[in-house]
Amino acid sequence: MSLKNDYQEKYHGKIEAQLNQWDAEINLLKAKAQNATADAKINYQKELEELESKKVVVMKRLQELKSSGAEAYEELKTSVDKACTELKHGFDSALARLK
């Protein structure tokens, strides 16, 4: 395996691990929403929908990255990094608003 392929595999694994962590956090928020008041449930639902949407973007971009050729890899990697950053900010904002 070349160094570049090893790097790519490690990067893909890192993003997949982060997606798994975000799934766990989304599930935790869903559990909290079940115990919330009616008004709070509405807020949780809105936040959860936004987070799920951003997570789907990361997943799609990661799939594109995995199937890309070498010429498009770095550009797509930047796109994945940006989507991950947006999702992380979404989590940070959601957690701050839902406290």
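Placed above this text is the structure.
All of these numbers come straight from a predicted model, not from anything done at the bench.

**Student:** Go over the overall build of the protein chain, please, and point to the residues and values.
**Tutor:** When you go through the protein chain residue by residue, the secondary structure sums to three helices and zero strands. Each helix and strand of the protein chain, placed in order from N terminus to C terminus, yields the pattern α-α-α. In terms of C-alpha radius of gyration, the protein chain reaches 16 Å, well past the compact-globule figure of 13 Å for 99 residues. Overall size of the protein chain, expressed as C-alpha extent along the three principal axes, is 55 × 20 × 20 Å. The contacts in the protein chain between residues at least 6 apart in sequence include a share of 71% that link residues at least 24 apart. Summed over its atoms, the accessible surface of the protein chain is roughly 6,600 Å², and 52% of this surface lies on carbon and sulfur atoms. Positive and negative charge centroids in the protein chain, built from 17 and 17 side chains respectively, lie 4 Å apart.

**Student:** Requested: an account of the environment of Thr 78, with residues and values cited.
**Tutor:** With respect to the helices and strands, Thr 78 occurs in helix H3 (residues 70-97). Separated by 50 residues in the primary sequence, Thr 78 and Leu 28 have C-alpha atoms spaced 29 Å apart.

**Student:** Give a description of H3 that names residues and reports values.
**Tutor:** Along its 28 residues, H3 runs 41 Å from first to last C-alpha, staying within 8% of the 40 Å computed at 1.5 Å per residue. Among all positions in H3, only Tyr 73, Lys 77, Val 80, Ala 83, Cys 84, Leu 87, Gly 90, Phe 91 and Ala 94 are buried.

**Student:** How would you summarise the pattern of salt bridges if you had to cite specific residues and measurements?
**Tutor:** Following the criterion strictly, the structure yields eight salt bridges and no others. Here Glu 16 ties to Lys 66 by a salt bridge, and the two come within 2.1 Å at their closest N and O atoms. Taken as a pair, Glu 16 in helix H1 (residues 3-34) and Lys 66 in helix H2 (residues 38-66) lie far apart in primary sequence, 50 residues in all. In this structure Lys 66 comes out as partly exposed when scored by relative accessible area, which is 35%.

**Student:** Explain the nonpolar core to me, and be specific about the residues and the numbers.
**Tutor:** Ile 15, Leu 29, Leu 51, Val 58 and Phe 91 are the most contacted members of the largest nonpolar core, which totals 22 residues. Sorting the residues of this core by element identifies H1, H2 and H3 as the ones contributing at least two each. When neighbours within four sequence positions are excluded, Leu 29 is seen to be in contact with Tyr 44, Leu 48, Leu 51, Phe 91, Leu 95 and Leu 98.

**Student:** Could you give an account of the packing of aromatic side chains, naming the residues involved and the relevant values?
**Tutor:** Working definition: an aromatic ring pair is given by the centre-to-centre distance plus the angle between the planes. Applying the stated rule across the entire model yields one aromatic pair. Ring geometry for Trp 22 and Phe 91: centres 6.1 Å apart, planes at 15°, overall stacked. Here Trp 22, found in helix H1, pairs with Phe 91, found in helix H3; they are 69 residues apart in sequence, far enough to count as distant. A single burial state applies to Trp 22 and to Phe 91, both of which are buried.

**Student:** Quick one: what's the story with the environment of Lys 41, residue by residue and with numbers?
**Tutor:** Counting through the fold element by element, Lys 41 comes out in helix H2. Residues Lys 41 and Ala 17, spaced 24 residues apart in sequence, show a C-alpha to C-alpha distance of 28 Å. Discounting chain neighbours no more than four positions away, the residues touching Lys 41 are Ala 33, Gln 34 and Ala 36.

What counts and how
Residues numbered from 1 in each chain as written. Predicted model: local features only at pLDDT ≥ 70, side-chain atom pairs only at ≥ 80, totals over all residues. Heavy atoms only, no water. Helix = DSSP H or I, 4+ residues; strand = E, 2+ residues; numbered from the N terminus. Rg over C-alpha atoms; globule rule 2.2 N^0.38 Å. Contact = heavy atoms within 4.5 Å. Areas by Shrake-Rupley, 256 points an atom, 1.4 Å probe, with all protein chains shown as cover. Lys, Arg positive; Asp, Glu negative; His and termini not counted. Charge placed at Lys NZ, Arg CZ, Asp CG, Glu CD. Expected span 1.5 Å × (residues − 1). Buried < 20%, exposed > 50% of the residue type's maximum accessible area, 1.4 Å probe, protein only. Salt bridge = Lys/Arg side-chain N within 4 Å of Asp/Glu carboxyl O. Core = buried A, V, L, I, M, F, W, Y, C linked by side-chain atoms within 4.5 Å. Phe/Tyr/Trp six-rings, centres within 6.5 Å; stacked < 30°, edge-to-face > 60°.

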